[in-house]
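# Commentary on secondary and tertiary structure
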Amino acid sequence: MKILCIAAGLLIIFSCKNDKDRTARKEQISKDSIIVKNDPVTTAATDPVEEIKKEYGMLQTGLESKRFSSRGFTYDCNEEPSGEVKFYSDKDEIRVIEHFYSEHSHFSASEKYFIKNGKPFFIFRQETVWNFDGGTPEKPITKDDITETRIYLQNDKILKCLEKKYSIRSDNKDKTSPDTIPGKETQCNTDEVMKTYQSLLKNKDKKGEIKCL
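Let me sum up the structure you'll find in this document. Predicted model, so just to flag it, every value in this text is computed and none were measured.

### Some details on the nonpolar core
Grouped together as the largest cluster of nonpolar side chains are 20 residues, with contacts concentrated most on V85, I97, Y113 and I123. Listing elements by their share of this core, those giving two or more residues are β1 (69-76), β2 (82-90), β3 (93-103), β4 (107-116), β6 (140-154) and α3 (191-202). Once residues lying within four places of it in the same chain are set aside, the contact partners of V85 are R71, G72, F73, Y75, I97, E98, H99 and L200. Formed by 13 residues, the second largest nonpolar core is a distinct cluster that contains F68, F124, Y152 and L162.

Put into structure tokens, the structure is as follows:
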């Protein structure tokens, strides 16, 4: 009888231990699943390029809905170059600067500076060089060679730079859609665009037409 009681007691102890082990394993699996599921979210939240894209999207929406106040000026530096500048502000804080200019008759460029806390965090630049490319004197064909550059910045340092190049001919009925062309990551230098950015800011209170930047 005593042996039977001891055996029953051991059975209960082992059974309880097994239940605890199973429970512990379930809890561990559950915790691991939560960690795995949360990892992509955490990565996305801490990726500065993704944060820049979100901030850019909000400013672009503001531009499209005409939520920002705007002012600007034009300039003509003896026709080389000549251009137009627009400043878009939210509560007296400049958030976007648009700059378009042309020179040497066959070259034009546009730049967009997206700004937060007084510093550009994203710059979009598009350069266009056009040339005659066949046709006849009566109906010449032209070709635009276009280069787009996207610069992602954090604290004045380059995080990422993407570039895409494509051409558009005047006789091509099926126009190239830039959105279908992937950008290639490349090394880029911001000295020129940042120098232009500082020049634009110095003239932010100008109106009408001025001479050179």
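That was the structure; now back to the text.
### Some remarks on the state of the cysteines
Scanning the model with the defined rule gives two disulfides in all. Here C161 pairs with C188 through a disulfide, and the sulfurs are 2.3 Å apart. On the sign convention where negative means left-handed, the S-S torsion of about 130° between C161 and C188 marks this disulfide as right-handed. Pair noted here: C161 is in strand β7 (residues 157-169) and C188 is in the loop between β8 (184-185) and α3, with a separation of 27 residues, a long-range link. Given the relative accessible area of 2%, C161 is considered buried. The cystine pairing of the chain, numbering bonded cysteines in sequence order, is 1-4, 2-3.

### Digging into the pairing of β6
As judged from the twelve bridges shared by strand β5 (residues 119-135) and β6, these two strands associate in the antiparallel manner. Pairing of W130 across the sheet is with D144, part of β6. Two successive antiparallel strands, β5 and β6, enclose a turn made up of four residues. Two elements, β6 and β7, share twelve bridges in a ladder whose sense is antiparallel. Each bridged residue has a counterpart across the sheet, and for Y152 the counterpart in β7 is K160. In sequence, β6 turns back onto β7 through a hairpin of two residues, with N155 there showing a positive phi of about 55°.

### Details of the side chain of T128
Along the chain, the position of T128 falls in strand β5. The buried category is assigned to T128, whose relative accessible area is 14%. Beyond its immediate chain neighbours, meaning those up to four positions away, T128 contacts H106, F107, S108, D144, D145 and I146.

Rules behind the numbers
Residues numbered from 1 in each chain as written. Predicted model: local features only at pLDDT ≥ 70, side-chain atom pairs only at ≥ 80, totals over all residues. Heavy atoms only, no water. Core = buried A, V, L, I, M, F, W, Y, C linked by side-chain atoms within 4.5 Å. Buried < 20%, exposed > 50% of the residue type's maximum accessible area, 1.4 Å probe, protein only. Helix = DSSP H or I, 4+ residues; strand = E, 2+ residues; numbered from the N terminus. Contact = heavy atoms within 4.5 Å. Disulfide = S-S within 2.5 Å. Pairing = 2+ DSSP bridges.

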